[in-house]
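# Results of the structural survey
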Amino acid sequence: MNQTPLPELLRPKTLEEFVGQEHLVGKSGILYKLLSTHIETGRFPSLVFWGPPGSGKTTLARIIASKLKTEFYEFSAVNTSIKEIKKIIPNKNPFAGASQQLTLQTKQPVVFIDEIHRFNKAQQDTLLPHVERGDLILIGATTENPSFEIIGPLLSRTRVLILNQHPEDHLKIIAEKALKHLGKKTEKDALDFLITASNGDARVLLNVLEISAQISETPLVNLNDIEQALQRRQLSFDLKGEEYYNTISALHKSIRGSDPDGAIYWLARMLESGQDPLYLARRLIRAAAEDIGLADPRALLVANAAFEACDKIGMPECNVILAECVAYLAKAPKSNALYLAYNEAKEDVLKYGNLPVPMHIRNAPTKLTKEVGYGKNYDYSHSPVGEKKEETEYLPEKLKGKKYFTGKK
């Protein structure tokens, strides 16, 4: 009996089999082009894959190594030391001649490091000379922003490629392939629920589908099988379609209408149905700026803190954190002045294009720029109350006197 998990059994072996990430693997995508030109140039860059869980980072790394016909080593930064990685790095001589280096270059192994953001600065520094000399082709995978989690020197020697969360139509294709492999069929409502509950993660989808198929007593995987595999009960509305958007709307409008009871109820409806708490936290950050703004600037701080707290501890513990946030936002004074101001400014930007910056507020870092009038007559003195000086114009000439922001309320 085959004990290999379903996600591993169905893992694509070629770019053509890969579902999604067309901006990378399609014929106009960068990975497709890099692999095509490698045949002629013999060169392939080190990469960092940045994307959510289950988006295909590991799969693409394996496909690359297979296409390059080179050795593939896979590590996780969670439980790997730099010493282990160094053991498989070819002992290249940095003073070898060009012809020798070219020969050695074809033997570069692909070293894949999952969760590379978990390596500290010193560990990342150790990788740097090997990447720089071309001892290996490094492919790092991370769910975190590389700009903050990977050191600058290493980042500058790699190409960051962004992977997107799988949309529902791609997850459906993956699910149908899995069902065919398992020799099962499924009801439409069960498949829709599974796809939505997977939250763009193909690995979650396949794992749940495999368990569902195992516990199903018939060739048909039904909604109850999916719910049992997820260990999550479906409420009276699904996480899809009109009712889904109606419930999100109800949450947002309860906050805007200053009703903490309604806001907490709709929050609970979403969370207990399996909605991703980080998705809800992102919506609350938006509500804090759009509907409260400068009427209570602390609202944005509260919403952002709630997102960070949810990211740290997850469900179910973060439910009360989100409840605190929605109650605060609902009780806070409301203002959409910033929302209206930005939209009006955006309209003028699109209407008038790149209007010139007034000469008196241009930057004048050099003698030449000063001579032609950059920064001339700019009054450096500060306004004691933080308000615009009446004698200074900060908008382009064509928009002189235009008012976007009308005040806190």
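A brief look at the structure comes next. (Residues numbered from 1 in each chain as written. Predicted model: local features only at pLDDT ≥ 70, side-chain atom pairs only at ≥ 80, totals over all residues. Heavy atoms only, no water.)

Let us now look at the pattern of salt bridges. This model, assessed by the stated rule, comprises 14 salt bridges. Here Lys188 makes a salt bridge to Asp192, at a shortest N to O gap of 2.7 Å. Taken as a pair, Lys188 and Asp192 lie in helix α11 (residues 188–197) at a separation of four residues, close to a single helical turn. A salt bridge links Glu290 to Arg286; its shortest N-O distance comes to 2.9 Å. With Glu290 and Arg286 both in helix α16 (residues 277–292) and four residues apart, the pair spans about one turn of that helix. Classification of Glu290 as buried rests on a relative accessible area of 13%. By relative accessible area, Arg286 is classed as partly exposed at 45%. Members of the salt-bridge network, linked through shared partners, are Glu8, Arg11, Arg62 and Glu74. (Salt bridge = Lys/Arg side-chain N within 4 Å of Asp/Glu carboxyl O. Helix = DSSP H or I, 4+ residues; strand = E, 2+ residues; numbered from the N terminus. Buried < 20%, exposed > 50% of the residue type's maximum accessible area, 1.4 Å probe, protein only.)

Attention shifts here to the sheet that holds strand β4 (residues 137–142). Sheet strands pair by backbone hydrogen bonding; their relative direction is either parallel or antiparallel. Spatially, the five strands line up as an open sheet ordered β2-β3-β4-β1-β5, and their pairing is parallel. Both edges of this open sheet fall to β2 (72–76) and β5 (159–162), since each of them pairs with a single strand only. Mean inter-strand twist for the sheet, computed between neighbouring axes without regard to direction, equals 20 degrees. The pairing of β2 with strand β3 (residues 110–114) spans five bridges and is parallel. Among the inter-strand pairings, Phe72 is bridged to a residue of β3, identified as Val110. (Pairing = 2+ DSSP bridges. Axes fitted to C-alpha atoms, helices over the stretch in contact; angles between N-to-C directions.)

For the rest of this paragraph, the subject is helix α7 (residues 121–133). Each turn of an α-helix holds 3.6 residues, which means side chains three or four residues apart point in the same direction. Taking 1.5 Å per residue, 13 residues should reach 18 Å; α7 reaches 19 Å between its end C-alpha atoms and fits that length. Along its length, α7 shows its largest kink, about 25 degrees, at Leu127, and proline Pro129 lies within four residues downstream of that point. On its buried side, α7 packs onto α5 (82–86), β3, β4, α8 (146–149) and α9 (152–156). The N-cap residue of α7 is Asn120: its side-chain oxygen and the backbone nitrogen of Ala122 are 3.1 Å apart. (Expected span 1.5 Å × (residues − 1). Bend = angle between axes of the 7 residues up to and from the residue. Contact = heavy atoms within 4.5 Å. Polar contact = N/O pair within 3.5 Å; in protein donor to acceptor, adjacent residues only side chain to side chain.)

Put simply, helix α12 (residues 202–215) and helix α13 (residues 223–230) touch, their axes get as near as 8 Å, and they point 120 degrees apart. Between α12 and α13, the crossing angle belongs to the class labelled oblique. Here α12 runs over α13; the crossing is right-handed. Between α12 and α13, the residues in contact are Val208, Leu209, Ile211, Ser212 and Ile215 and Asp225, Ile226, Gln228, Ala229 and Leu230, respectively. Its residues assigned to classes, the contact of α12 with α13 shows seven nonpolar, two polar and one charged. (Parallel < 35°, antiparallel > 145°, perpendicular 65-115°, else oblique. Left-handed = near helix turned anticlockwise from the far one by under 90°. Nonpolar A, V, L, I, M, F, W, Y, C, P; charged D, E, K, R; others polar.)

This paragraph deals with a nonpolar patch on the surface. A cluster of nonpolar side chains, Leu294, Leu338 and Phe405, forms an exposed patch at the surface whose accessible area comes to about 230 Å². The topology assignment puts Leu338 in helix α19 (residues 337–352). (Patch = residues over 30% accessible without salt bridge, like charges linked within 9 Å, V, L, I, M, F, W, Y side chains within 5 Å. Areas by Shrake-Rupley, 256 points an atom, 1.4 Å probe, with all protein chains shown as cover.)

To continue, consider unusual backbone geometry. Of the consecutive residues Met315 and Pro316, the connecting peptide bond is found in the cis state with omega at 5 degrees. Looking at the secondary structure, you find Pro316 in the loop between α17 (298–313) and α18 (319–331). The phi dihedral of Ser258 falls on the positive side, at around 60 degrees, and the residue is not glycine. Relative to the helices and strands, Ser258 resides in the loop between α14 (241–256) and α15 (260–272).

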